[in-house]
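Residue strings, one per chain:
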Amino acid sequence: MYSISIYDTKGSRAKELEKLLECYFYAKGIPVRVRIFSSLSDVVRAAGYTDIAFLSVGEGNADTLDMCDAMLRNHSGIFLYILSEKYSFLDNAMDLNVFRYLEHPVDRRRLFASLDIILNKPLSISFTSDYMQVTLRENEIVCIYKAGRKTYVLTDSGSVYPSTSSIKEWLERTSRCKTYACPHYGYIVNLKYIANFNGEAVVLKCKTGRAVTVYPSQRKMTEFKNRYYAWNRE
């Protein structure tokens, strides 16, 4: 699922953009959640759970540019669009290295072409660990697992990052990652790192040689087997 945030003080424009986005992702068969914000500070607070952000900038919205800069520095995995009626804001967008600058009204063809680029890019996953922002590529994560009241992210280098997000939240965040599967209610694994699967136990291996064994639950076993063997045939 892609999570999209729209900030525009004109509700009608935000609704029009929301419809365009929903049509695009529906045609692609990809789940999407679009949220419209009238407060810029609310957009910033939701940045950790946002994949794509559309921020409308106009006269008297200079603070929006400062917010854009902060979002990009703290959440490098976000694809950020600046929307404006003023062509002069293009320079600001270039200085900030935002993903796209679009003028109002939004050109459907340009919007859809840029979204095609996003969907073809390697996915990045951002989250907070011990009060610090962490951004990883999807192919850097070996597995995500629950232990006690926390979840942990194990990377290919053997590093482990604690997280306060639940497995359910992680499932939503990684739902668009084609190589991820859930063999157990407490685990999300990256199929690329499966060194062995004998039908009963899954053995994952990091590049460092560290191994993790996961035993699929009975309710998840059939679904996981189908997912694993289908991925091997691709």
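### Quick look at the sheet that holds strand β12 (residues 187–190)
- The 5 strands are arranged β10-β9-β8-β12-β11 in an open sheet whose pairing can be described as antiparallel. Both edges of this open sheet fall to β10 (160–163) and β11 (180–184), since each of them pairs with a single strand only. On average, adjacent strands in this sheet sit at an angle of 25 degrees to one another, irrespective of strand direction.
- The pairing of β11 with β12 spans 3 bridges and is classified as antiparallel. The residue of β12 that forms the bridge with His-184 is Tyr-187.
- Along the sheet, helix α7 (residues 218–233) contacts β11 and β12; its crossing angle with β11, the most-contacted strand, is approximately 150 degrees.

### Description of the environment of Leu-21
- Position of Leu-21 among the secondary structure elements: in helix α1 (residues 11–28).
- Between the alpha carbons of Leu-21 and Glu-200 there is a distance of 42 Å; along the sequence they are 179 residues apart.
- Other than its neighbours up to four places away in sequence, Leu-21 contacts Ile-4, Ile-6, Val-34, Phe-54, Leu-111 and Leu-115.

### Description of the side chain of Ser-56
- With respect to the helices and strands, Ser-56 occurs in strand β3 (residues 52–57).
- On the basis of relative accessible area, Ser-56 is assigned to the buried category, the value being 8%.

### Focus: the side chain of Ser-163
- Along the chain, Ser-163 falls in strand β10.
- Within the structure, the side chain of Ser-163 is placed 3.0 Å from the backbone nitrogen of Ser-165, a separation counted as a polar contact.
- Non-local contacts of Ser-163, meaning those with residues more than four positions away in its chain, are made with Thr-128, Lys-150, Thr-151 and Trp-170.

### Side note on helix α5 (residues 108–120)
- Its 13 residues give α5 an end-to-end C-alpha distance of 19 Å, which sits within 8% of 18 Å, the value for a rise of 1.5 Å per residue.
- Tucked into the core, α5 has its buried residues touching β1 (2–7), α1, β3, β4 (79–84) and β5 (100–103).
- Sitting at the amino-terminal end of α5 is Asp-107, which places a side-chain oxygen 2.9 Å from the backbone nitrogen of Arg-109.

Criteria and thresholds
- Residues numbered from 1 in each chain as written.
- Predicted model: local features only at pLDDT ≥ 70, side-chain atom pairs only at ≥ 80, totals over all residues.
- Heavy atoms only, no water.
- Pairing = 2+ DSSP bridges.
- Helix = DSSP H or I, 4+ residues; strand = E, 2+ residues; numbered from the N terminus.
- Axes fitted to C-alpha atoms, helices over the stretch in contact; angles between N-to-C directions.
- Contact = heavy atoms within 4.5 Å.
- Buried < 20%, exposed > 50% of the residue type's maximum accessible area, 1.4 Å probe, protein only.
- Polar contact = N/O pair within 3.5 Å; in protein donor to acceptor, adjacent residues only side chain to side chain.
- Expected span 1.5 Å × (residues − 1).

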